[in-house]
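Each chain, letter by letter, is given below.
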Amino acid sequence: MRMSPGARYRIGAYRFWHRHLTVLLAGTPAPEHTAHALPAALAAEHVTALLPGLGEQRLRAGAERLARAAFAGPA
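Remember, it's a predicted structure, so these values are computed and weren't measured experimentally.

Enquirer: An account of the nonpolar core is requested, with residue identities and associated values reported.
Expert: With five residues, the main nonpolar core is built from Leu21, Leu25, Ala35, Leu38 and Ala70. With residues up to four places along the chain from it excluded, the contact list for alanine 70 reads Leu25, Thr28, Thr34 and Leu38.

Enquirer: Which residues make up the environment of glutamate 32, and what values go with them?
Expert: By secondary structure assignment, the location of glutamate 32 is in helix H2 (residues 31-40). The exposure class of glutamate 32 is partly exposed, given its relative accessible area of 45%. Along the sequence, glutamate 32 and histidine 20 sit twelve residues apart, while their C-alpha atoms lie 10 Å from each other. In this structure glutamate 32 touches His18, Arg19 and Thr22, once residues within four positions along its chain are discounted.

Enquirer: Which residues make up the packing of aromatic side chains, and what are the values?
Expert: Within the structure shown, the criterion is met by two aromatic pairs. Seen in terms of ring centroids, tyrosine 9 and tyrosine 14 are 4.9 Å apart; in terms of plane orientation they differ by 85°. Their pairing is edge-to-face. In this structure tyrosine 14 comes out as buried when scored by relative accessible area, which is 13%. Here the aromatic rings of phenylalanine 16 and tryptophan 17 are separated by 5.0 Å at their centres, their planes lie at 80°, and the arrangement is edge-to-face.

Rules behind the numbers
Residues numbered from 1 in each chain as written. Predicted model: local features only at pLDDT ≥ 70, side-chain atom pairs only at ≥ 80, totals over all residues. Heavy atoms only, no water. Core = buried A, V, L, I, M, F, W, Y, C linked by side-chain atoms within 4.5 Å. Buried < 20%, exposed > 50% of the residue type's maximum accessible area, 1.4 Å probe, protein only. Contact = heavy atoms within 4.5 Å. Helix = DSSP H or I, 4+ residues; strand = E, 2+ residues; numbered from the N terminus. Phe/Tyr/Trp six-rings, centres within 6.5 Å; stacked < 30°, edge-to-face > 60°.

Structure representation (structure tokens):
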């Protein structure tokens, strides 16, 4: 079953996690934007597209670096 484009952004679970991340990211630059960017890096179609070229280790390491940088705030 395929969902319509953008459907994931209209469901309650996405809104819940977006709000949760926004609260956790309070005090960092652009918490609302970052709260969209972090889960986008873990979206199934994104991971499926990158996994063959990067491999699981590099994909996991990249997601971890992204999360650490987001929560670290400005350098």
